[in-house]
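Coordinates in review
Chain residues, written in single-letter form:
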Amino acid sequence: MLWRTYGRVIGWMLAIGAIAGALFLLVVFGFLIPPDRGEESAIALMPFVGGFFGLITALVSGATYYMGLSLWTRRPHRSVKSRAWLGAACAALGALGFWLLFGFTLSSWPGVPVWGGIGAASGSVAALVAGPLTARSAQRETSSPR
């Protein structure tokens, strides 16, 4: 029941995460930061790297989203608004947590603010995707005949 209702939200999170990651690194390394001599071919791979990390971020965010909603929706009387807010918060927390953990393992405490900024941006995107789509899915679930 839960997967049938909110599985599309996770699917959209995966698609948008991969596309956003690819576009971000394409813009940053393709237009904003000029390549050094001899690195021109590596720039072509950056969208694939961004898409990969966007997909991994969305997987962690989607798993956190699913766990949060599975605990929250055990009682059927939860409102659509509360499901949307909780889904957005869990998705954002999953993305932020992934990048904080990733950054801490790479660079210890000095790098946490930088990776936390990346995580905050990723969490914002995850919340902006998950919130409205969760509300739409929850509304569809509550309005469907049983």
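Report follows, based on the coordinates. (Residues numbered from 1 in each chain as written. Predicted model: local features only at pLDDT ≥ 70, side-chain atom pairs only at ≥ 80, totals over all residues. Heavy atoms only, no water.)

**Some points on the packing of helix α3 (residues 46-72) against helix α5 (residues 112-143)**
Note the following rule: Fitted lines through C-alpha atoms serve as axes, helices being fitted only where they are in contact, and the angles separating the N-to-C directions of these axes extend from 0 to 180 degrees. Secondary structure elements are defined from DSSP: runs of H or I of at least 4 residues count as helices, runs of E of at least 2 residues count as strands, and each element is numbered from the N terminus. Reported orientations rely on four angle classes, namely roughly parallel under 35 degrees, roughly antiparallel over 145, roughly perpendicular from 65 to 115, and oblique for the rest. Should the near helix be turned counterclockwise from the far one by less than a right angle, the crossing is left-handed, whereas a clockwise turn marks it as right-handed. What makes two residues a contact is simply this: any of their non-hydrogen atoms within 4.5 Å. Under the scheme applied here, ten amino acids are nonpolar (Ala, Val, Leu, Ile, Met, Phe, Trp, Tyr, Cys and Pro), four are charged (Asp, Glu, Lys and Arg), and all others, including Gly, are polar.
It is at 11 Å that the axes of α3 and α5 come closest, and there the two elements cross at 45°. Relative to α5, the element α3 is oriented oblique. Seen along the crossing, α3 lies across α5 with a hand that is right-handed. Residue-level inspection shows Thr57, Ser61, Tyr65 and Leu69 of α3 in contact with α5, the latter providing Ser122, Ala126, Ala130 and Thr134. Across the contact of α3 with α5, the residue classes tally to four nonpolar, four polar and no charged.

**So, α3**
How we decide: Any helix carries an expected span of 1.5 Å times its number of residues minus one.
With 27 residues, α3 should reach 39 Å at 1.5 Å per residue; the first-to-last C-alpha distance of 38 Å fits that figure. Next to the buried residues of α3 lie α1 (2-32), α2 (40-43), α4 (80-107) and α5.

**Thoughts on α5**
Convention followed: Only protein chains enter the accessibility calculation, which uses a 1.4 Å probe; a residue is then buried when its area is under 20% of its type maximum, exposed when over 50%, and partly exposed in between.
Its 32 residues give α5 an end-to-end C-alpha distance of 44 Å, which sits within 8% of 46 Å, the value for a rise of 1.5 Å per residue. Listed in full, the buried residues belonging to α5 are Val112, Gly116, Gly119, Gly123, Ala126, Val129, Ala130, Gly131, Thr134, Ser137, Ala138 and Glu141. Residues of α5 that are buried make contact with α1, α3 and α4.

**Some points on the pattern of salt bridges**
Worth spelling out the cut-off: Salt bridges are identified by distance alone: a Lys or Arg side-chain nitrogen within 4 Å of an Asp or Glu carboxyl oxygen.
All chains considered together, the criterion is met by one salt bridge. Put simply, Glu141 and Arg83 hold a salt bridge, and the shortest N to O gap is 2.7 Å. Here Glu141, found in helix α5, pairs with Arg83, found in helix α4; they are 58 residues apart in sequence, far enough to count as distant. With relative accessibility at 14%, the residue Glu141 sits in the buried group.

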